[in-house]
Amino acid sequence: MSTVELTKENFDQVVTDNDFILIDFWASWCGPCRQFAPVYEGAAERHPDLVFAKVDTEAQQELAAAFEIRSIPTLMIVRDNVAVFAQPGALPEAALEDVIGQARALDMDEVRKSIDEAQGGSAGAETASEA
């Protein structure tokens, strides 16, 4: 399966329509991005049940800014509309496979519960800092 090019126009639709998406934030001038590309493409071929997407940070600056991408390549994994992994750096094949395996193994009900608890526990602090 080939990768999907994400833009600000199709991002919400792709994330909403798919329950497991890997997103590679990259740029054509970035050497580590070019090194990571074949590793990422290889993983896409080995995992046809998952959506592998790419965001060109030069063409999609608003999208990169929305996710506070400061270093590329950055790999993000979104499951059930929840970002469960985000890390800059070009991962070797074995590390990418390990991350995919860990993300597959997540109990998303537990993840959502943890997020709800964290947001509930820090809501007051967030409101105070926003004021």
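Above this text sits the structure in question.
The rules we used
Residues numbered from 1 in each chain as written. Predicted model: local features only at pLDDT ≥ 70, side-chain atom pairs only at ≥ 80, totals over all residues. Heavy atoms only, no water. Disulfide = S-S within 2.5 Å. Buried < 20%, exposed > 50% of the residue type's maximum accessible area, 1.4 Å probe, protein only. Helix = DSSP H or I, 4+ residues; strand = E, 2+ residues; numbered from the N terminus. Patch = residues over 30% accessible without salt bridge, like charges linked within 9 Å, V, L, I, M, F, W, Y side chains within 5 Å. Areas by Shrake-Rupley, 256 points an atom, 1.4 Å probe, with all protein chains shown as cover. Salt bridge = Lys/Arg side-chain N within 4 Å of Asp/Glu carboxyl O. Lys, Arg positive; Asp, Glu negative; His and termini not counted. Charge placed at Lys NZ, Arg CZ, Asp CG, Glu CD. Expected span 1.5 Å × (residues − 1). Arc of directions from axis to C-beta. Contact = heavy atoms within 4.5 Å.

K.L.:
Could you give an account of the state of the cysteines, with specific residues and numbers?
P.N.:
By the definition in use, this model includes 1 disulfide. Between the sulfur atoms of Cys30 and its disulfide partner Cys33 the distance amounts to 2.4 Å. In this structure the cystine formed by Cys30 and Cys33 twists about its S-S bond by roughly 80 degrees; its chirality is therefore right-handed. For Cys30, a relative accessible area of 3% translates into the label buried. Given the relative accessible area of 3%, Cys33 is considered buried.

K.L.:
Which residues make up unusual backbone geometry, and what are the values?
P.N.:
For the bond running from Ile72 to Pro73, omega is 0 degrees, close enough to zero to count as cis. Mapping Pro73 onto the fold places it in the loop between helix 3 (61-66) and strand 4 (74-79). The backbone of Asp80 shows a phi angle near 50 degrees, a positive value even though the residue is not glycine. Mapping Asp80 onto the fold places it in the loop between strand 4 and strand 5 (82-88). Although it is not a glycine, Asn81 sits at a positive phi angle of roughly 65 degrees. Structurally, Asn81 can be placed in the loop between strand 4 and strand 5.

K.L.:
Let's hear about a negative patch on the surface: which residues, and what values?
P.N.:
A cluster of like negative charges, contributed by Asp107, Glu110, Asp116 and Glu117, occupies part of the molecular surface. Overall, Glu110 belongs to the partly exposed group, its relative accessible area being 44%.

K.L.:
Summarise helix 4 (residues 93-105); cite the residues concerned and give the values.
P.N.:
The end-to-end C-alpha distance of helix 4, which contains 13 residues, comes to 18 Å, matching closely the 18 Å that a straight helix rising 1.5 Å per residue would cover. What helix 4 keeps buried is the set Leu96, Val99, Ile100 and Ala103. One face of helix 4 carries all of its buried residues, which in axial projection span an arc of 100 degrees. Away from its buried face by more than 90 degrees, helix 4 exposes Ala94 and Ala105. On its buried face, helix 4 sits against strand 2 (20-26), helix 2 (31-46), strand 3 (51-56), strand 4 and strand 5.

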